[in-house]
Amino acid sequence: TPLGIYIHVPFCRKRCHFCYFRVYTDKEAKEIRAYVDAVLQELKTYSQKPFLDGRKPQFLYMGGGTPSYLSISQLEVLRKEIHNTLSWDDMEEVTFECEPSTVNPKKLQALKDFGVTRLSFGVENFTDDILSINGRAHLSKEIYRAYDFAREIGFNQINIDLIAGMINETWENWEYNIKKTI
């Protein structure tokens, strides 16, 4: 049976108005590091259980919240300890969710070094007014900037999330978003 691992990162720069997930916008680096350490300890504990012992994961998905909210040093701790805990011999895909305004070339390079093979950008909409009224932390210029940075770093697999039915969205706006995506 293929083994996949999901790591939830419940931190965000701000809470979007439509969000119903358990996320935190008020945590400092020390609290985030404590969470990262707890996730790694849980992973180590499970890796020693009979149902996981010796199994090699085929994929890792980091979602949230906003995993790209983590600092480069927090990402490096995660990378080192995950690699020390699990075999990556059979790893086919490592997906990492990103909010466009939280990435820059240095962070994207850290993700590449981590082993990330697919980025998932939480675009949601390409229209600044709709992004703002729905409480998103980014605007459209940051979407394009993040995408260009990711391509320059060498990410070949990039997907985006769109949300249909956002406040003030119209049918024409939805068509515009689909055309921009294509």
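Small disclaimer: the values here were computed from a predicted structure and weren't measured. (Residues numbered from 1 in each chain as written. Predicted model: local features only at pLDDT ≥ 70, side-chain atom pairs only at ≥ 80, totals over all residues. Heavy atoms only, no water.)

1. Quick word on unusual backbone geometry
1) Next: In this model, glutamate 124 sits at a positive phi of 70°, which is unusual for a non-glycine residue.
2) Next: With respect to the secondary-structure elements, glutamate 124 resides in strand E4 (residues 118-124).
3) Next: Among the residues examined, glutamate 124 registers a relative accessible area of 8% and is labelled buried.
4) Next: Notably, asparagine 168 is not glycine yet its phi reads approximately 75°, a positive angle.
5) Next: When you line up the elements, asparagine 168 lands in the loop between strand E5 (157-162) and helix H6 (171-181). (Helix = DSSP H or I, 4+ residues; strand = E, 2+ residues; numbered from the N terminus. Buried < 20%, exposed > 50% of the residue type's maximum accessible area, 1.4 Å probe, protein only.)

2. Quick notes on the sheet that holds strand E1 (residues 4-9)
Backbone hydrogen bonds are what pair the strands of a sheet, in a parallel or an antiparallel way.
1) Next: The strand order across the open sheet built from five strands is E1-E2-E3-E4-E5, with neighbouring strands paired in parallel fashion. In the strand order of this sheet, the two ends are held by E1 and E5, each with one partner. Ignoring strand direction, the axes of neighbouring strands in this sheet form an average angle of 20°.
2) Next: Both strand E2 (residues 59-64) and strand E3 (residues 93-98) contribute to a ladder of four bridges, which runs parallel. In the strand pairing of E3, tyrosine 61 is matched with threonine 95.
3) Next: Sheet strands touched by helix H5 (residues 140-153): E4 and E5. Its angle to E4, the strand with the most contacts, is close to 170°. (Pairing = 2+ DSSP bridges. Axes fitted to C-alpha atoms, helices over the stretch in contact; angles between N-to-C directions. Contact = heavy atoms within 4.5 Å.)

3. Remarks on the packing of helix H2 (residues 72-85) against helix H3 (residues 105-114)
1) Next: Relative orientation of the contacting elements H2 and H3 amounts to 0°, with a least axis distance of 10 Å. In terms of orientation, H2 and H3 fall into the roughly parallel class. Across the interface between the two elements, Ile72, Leu75, Leu78, Arg79, Ile82 and His83 of H2 pack against Lys106, Lys107, Ala110, Leu111, Asp113 and Phe114 of H3. (Parallel < 35°, antiparallel > 145°, perpendicular 65-115°, else oblique.)

4. Re the pairing of E1
1) Next: Side chains Ile5, Ile7 and Val9 project from E1 onto a buried face, and the interleaved Gly4, Tyr6 and His8 project onto a face without burial.
2) Next: Taken together, the six bridges between E1 and E2 define a ladder with parallel strand orientation. Within E2, the residue paired with histidine 8 across the bridge is glycine 63.

5. Considerations on empty space enclosed by the protein
1) Next: What the rule picks out here adds up to one cavity of 30 Å³ or more.
2) Next: If you add up the space inside the largest cavity, you get close to 40 Å³.
3) Next: Together, Ile7, Val9, Tyr35, Val36, Val39, Leu70 and Leu78 line the largest cavity.
4) Next: Those elements giving two or more residues to the lining of the largest cavity turn out to be E1 and helix H1 (29-47).
5) Next: Residue contributions to the lining of the largest cavity peak at three residues, all from H1. (1 Å grid on protein atoms, 1.4 Å probe; cavity = no way out; pocket = protein on both sides within 12 Å on 5 of 7 lines; lining within 4 Å. Points joined across faces, edges and corners; volume = space filled by probe spheres on them.)

6. A word on the pairing of E4
1) Next: The buried fraction of E4 amounts to six of the seven residues, a majority that puts the element mostly inside the structure.
2) Next: Sheet topology note: the E4/E5 ladder contains five bridges and is parallel. By the bridge assignment, phenylalanine 121 is partnered in E5 with isoleucine 160.

7. Structural notes on the nonpolar core
1) Next: Among the nonpolar cores identified, the biggest contains 36 residues, and Leu60, Ile82, Leu111, Phe114, Leu119 and Phe121 are the most heavily contacted of them.
2) Next: Top element by residues in this core is H1. It accounts for five residues.
3) Next: What leucine 60 contacts, discounting residues up to four positions off in sequence, is Ile5, Ile7, Ile82, Trp88, Met91, Glu93, Val94, Thr95 and Phe114. (Core = buried A, V, L, I, M, F, W, Y, C linked by side-chain atoms within 4.5 Å.)

8. Quick word on the packing of aromatic side chains
1) Next: Counted according to the given criterion, the structure contains seven aromatic pairs.
2) Next: With a centroid separation of 6.4 Å and 45° between ring planes, the pair formed by phenylalanine 11 and tyrosine 24 is classed as tilted. You can see phenylalanine 11 sitting in the loop between E1 and H1 and its partner tyrosine 24 sitting in the loop between E1 and H1, a full 13 residues away along the chain.
3) Next: Its relative accessible area of 28% is what places tyrosine 24 among the partly exposed residues.
4) Next: Note on phenylalanine 126 and tyrosine 144: the rings are 6.0 Å apart at their centroids and 25° apart in plane angle, and the pair reads as stacked. (Phe/Tyr/Trp six-rings, centres within 6.5 Å; stacked < 30°, edge-to-face > 60°.)

So yeah, pure geometry; function would need other evidence.
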